[in-house]
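Listed below, chain by chain, are the residues.
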Amino acid sequence: MSLALAPLDVSIELEANLPCRKFDPDLWFSDSPTELELAKSLCGDCPLRVECLAGAVERAEPWGVWGGEIFERGAVVPRKRPRGRPRKEDVARDAALRVEAEERLAASGLSQGRNAVRLAA
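Within any chain, residue numbers begin from 1 and follow the written order of that chain's sequence. At least 70 in pLDDT is required for a residue's local features to be given in this predicted model, at least 80 for side-chain atom pairs to be given and counted, and no such filter applies to totals for whole chains, interfaces and linings, which use all residues. Side-chain metrics rest on all non-hydrogen atoms present in the structure, leaving aside hydrogens and water.

K.L.:
Hey, could you run me through the nonpolar core in this one?
P.N.:
One broad rule of soluble globular proteins: the nonpolar side chains tend to lie buried together. Take the buried residues of types Ala, Val, Leu, Ile, Met, Phe, Trp, Tyr and Cys, join any two whose side-chain atoms come within 4.5 Å, and each joined set is a nonpolar core. Each residue gets one of three labels from its accessible area relative to the maximum for its type: buried under 20%, exposed over 50%, partly exposed in between, using a 1.4 Å probe on protein chains only. L27, W28, L36, A39, C43, V65, I70 and V77 together form the largest nonpolar core, which totals 8 residues. Secondary structure counts use DSSP, requiring at least four H or I residues in a row for a helix and at least two E residues in a row for a strand, with both numbered from the N terminus. At 3 residues, helix α3 (residues 33–43) tops the list of elements feeding residues into this core. Among the nonpolar cores identified, the runner-up in size contains 7 residues, and V57, W66, V76 and L105 belong to it.

Here it is as structure tokens:
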């Protein structure tokens, strides 16, 4: 049984406890890297974070923040880059963030097997 289809805990008041229901939904699909980082941080305490991420991986979501991770073109990216050529320090930071994202995905059990997540380079 996939995590995306796992039964929900009925004790969770979905509308009241989910940050994506309390805040503007456009925040999770913003073009602004700062707003996407805010959306990621809001997902941190969500009771459905793992299920949300598993569902997004299974569906290969093309963009947006799902389960506390940023998806772009169906792959998890450590952060959304602003337009233009990246600075050298940004490239180094992206490499460190990519490792951190891989560790979070491994901790969630989504980096192996059928639900493997493709990380963008």
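K.L.:
Please clarify how the UniProt feature "binding site: [4Fe-4S] cluster" (unreviewed entry) in the chain should be interpreted in this entry.
P.N.:
UniProt positions are given in the numbering used here, feature names are shortened, and annotations may be inferred rather than shown by experiment. In the numbering used here, UniProt assigns the "binding site: [4Fe-4S] cluster" (unreviewed entry) feature to C20, C43, C46 and C52. Maximum C-alpha separation among the annotated residues is 10.9 Å over a sequence range of 33 residues, consistent with a single clustered spot. By the secondary structure assignment, C20 is in helix α2 (residues 19–22). If you trace the backbone, C46 turns up in the loop between α3 and α4 (49–59). If we ignore the near neighbours within four places in the chain, the residues touching C46 are L18 and P19. We call two residues in contact whenever any of their non-hydrogen atoms come within 4.5 Å of each other.

K.L.:
How should a negative patch on the surface be read in this particular structure?
P.N.:
Each patch is assembled from residues with relative accessible area greater than 30% and no salt bridge, linking like charges that lie within 9 Å and nonpolar side chains (Val, Leu, Ile, Met, Phe, Trp, Tyr) that lie within 5 Å. Only the protein chains shown count as cover for residues, with accessible areas throughout obtained via the Shrake-Rupley method and a probe of 1.4 Å. Salt bridge, as applied in this entry: a Lys or Arg side-chain nitrogen positioned within 4 Å of an Asp or Glu carboxyl oxygen. Note on charges: Lys and Arg go in the positive column, Asp and Glu in the negative column, and His and the chain ends are not counted at all. In this description, the location of a charge corresponds to atom NZ of lysine, CZ of arginine, CG of aspartate or CD of glutamate. Residues D24, D26, D31 and E35 make up a contiguous surface patch of negative charge. Mapped onto the elements, D26 comes out in the loop between α2 and α3. Take D26: its relative accessible area is 54%, and that puts it in the exposed class.

K.L.:
So what exactly am I meant to see when it comes to α4 here?
P.N.:
Helical periodicity: at 3.6 residues per turn, an α-helix aligns residues three or four positions apart in one direction. The set of residues buried in α4 consists of R49, L53, A54, G55, A56 and V57. Elements in contact with the buried residues of α4: α3, β1 (63–66), β2 (69–72) and α5 (88–107). Looking at the residues trailing α4, positive phi occurs at A60, about 55°.

K.L.:
What should I look at first to understand the pattern of salt bridges in this one?
P.N.:
Note that side chains of opposite charge can pair when their charged atoms are close. Across all of its chains, the model carries 2 salt bridges by this definition. When the shortest N-O distance is used, the salt bridge between E37 and K40 registers 3.8 Å. Here E37 and its partner K40 are both found in helix α3, 3 residues apart, which amounts to about one turn of the helix. In this structure, E61 engages R59 in a salt bridge whose closest nitrogen and oxygen atoms are separated by 2.7 Å.

K.L.:
Is there a simple way to think about the packing of aromatic side chains in this case?
P.N.:
The relative placement of two aromatic rings is captured by the distance of their centres and the angle of their planes. In this scheme Phe, Tyr and Trp rings, the latter by its six-membered ring, pair at centre separations within 6.5 Å, and the angle between planes marks the pair as stacked below 30 degrees, edge-to-face above 60, and tilted otherwise. This structure, assessed with the given rule, holds 1 aromatic pair. With a centroid separation of 5.9 Å and an interplanar angle of 75°, the aromatic rings of F29 and W66 are classed as edge-to-face. Here the residue F29 occupies a position in the loop between α2 and α3, and W66 occupies one in strand β1, the gap between them amounting to 37 residues. Judged by relative accessible area, F29 falls into the partly exposed class, the value being 38%.

K.L.:
Explanation requested: the environment of R73 in the structure shown.
P.N.:
Relative to the elements of secondary structure, R73 occurs in the loop between β2 and β3 (75–77). Note: C-alpha distance between R73 and A60 (13 residues apart in sequence) is 8.2 Å.

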